[in-house]
Amino acid sequence: MNLIIVSRHPAAIEFIRNELPEFSDAPVLASASADDVRDAHVAGNLPLDLAAVANCVRAIVYPEGKAPRGTEYTLADMYNAGARIQLFYVFAEDK
């Protein structure tokens, strides 16, 4: 199974590794292309067009209005805001 973490945030990377032990040795990309994530199991938040080519995405989500924004946040900030991992499967329909 091809596991990849996509994030520029050190706290998010640490959160993913804490919450998803199977990603403990996964490579980390600060940014990703479609070729990087194609058919991979990705942990991190991706634009929909990239999520659609990944096998699945385990994204960090927060209760409504609780996501830390605008500054670099800590792992404690994430836990205090109620961060969790949610599994998504995204499909694109060509029209």
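Scoring rules and cut-offs
- Residue indices follow the written sequence of each chain, beginning from 1 at its first position.
- For this predicted model, a pLDDT threshold of at least 70 governs which residues receive local features, and a threshold of 80 or more governs which side-chain atom pairs are given and counted, while totals over whole chains, interfaces and linings are taken from all residues.
- Based on all heavy atoms of the structure, the side-chain values leave hydrogens and waters out of the count.
- Buried, partly exposed and exposed residues are distinguished by accessible area as a fraction of the type maximum, computed with a 1.4 Å probe on protein chains only: under 20%, between the cut-offs, and over 50%, respectively.
- Helix numbers and strand numbers start at the N terminus; a helix is a DSSP run of H or I with at least 4 residues, a strand a run of E with at least 2.
- Throughout, a contact is declared for two residues whenever any of their heavy atoms are within 4.5 Å.
- Of the two site types, the cavity is a set of points on a 1 Å grid over the protein atoms alone where a 1.4 Å probe fits but cannot get out, and the pocket is an open set with protein on both sides within 12 Å along at least five of seven lines, each lined by residues with an atom within 4 Å of a point.
- Grid points are joined across faces, edges and corners, and a volume is the space filled by probe spheres set on the points.
- As a working rule, the residues Ala, Val, Leu, Ile, Met, Phe, Trp, Tyr, Cys and Pro are called nonpolar, Asp, Glu, Lys and Arg charged, and the rest polar, with Gly in that last group.
- Here a patch means residues that are over 30% exposed by relative accessible area and free of salt bridges, tied together within 9 Å if like-charged and within 5 Å if nonpolar (Val, Leu, Ile, Met, Phe, Trp, Tyr).
- Computed with the Shrake-Rupley method and a 1.4 Å probe, the accessible areas treat only the protein chains shown as cover for residues.
- Every case where a carboxyl oxygen of Asp or Glu lies within 4 Å of a side-chain nitrogen of Lys or Arg is listed as a salt bridge.

A.B. asks: Help me understand helix α1 (residues 10-19) in this model?
C.D. replies: A turn of α-helix holds 3.6 residues, and therefore any two residues three or four places apart point the same way. Buried within α1 we find A11, A12, I13, F15 and I16. Considering only its buried residues, α1 is in contact with β1 (3-6), β2 (28-29), β3 (41-44), β4 (56-61), α4 (75-80) and β5 (84-88).

A.B. asks: How should the layout of surface pockets be read in this particular structure?
C.D. replies: Rolled over the atoms, a probe sized like a water molecule indicates the empty space that remains. What the largest pocket holds in volume is close to 490 Å³. S7, H9, G44, N45 and Y73 are, among the 23 residues lining the largest pocket, the residues nearest its centre. Of the residues belonging to the lining of the largest pocket, the class tally is 16 nonpolar, 5 polar and 2 charged.

A.B. asks: Sorry, what's going on with a nonpolar patch on the surface here?
C.D. replies: Judged by side-chain polarity, L87, Y89 and F91 come together as a nonpolar surface patch covering roughly 390 Å² of accessible area. With respect to the secondary-structure elements, L87 resides in strand β5. Under the relative-accessibility criterion, L87 is labelled partly exposed at 41%.

A.B. asks: Got a minute to help me understand the environment of L75 in this structure?
C.D. replies: Here L75 lies in helix α4. Take L75: its relative accessible area is 17%, and that puts it in the buried class. Spatially, the C-alpha atoms of L75 and A92 are 33 Å apart, while their sequence positions differ by 17 residues. Here L75 is in contact with A11, E14, F15 and N18, once residues within four sequence places are set aside.

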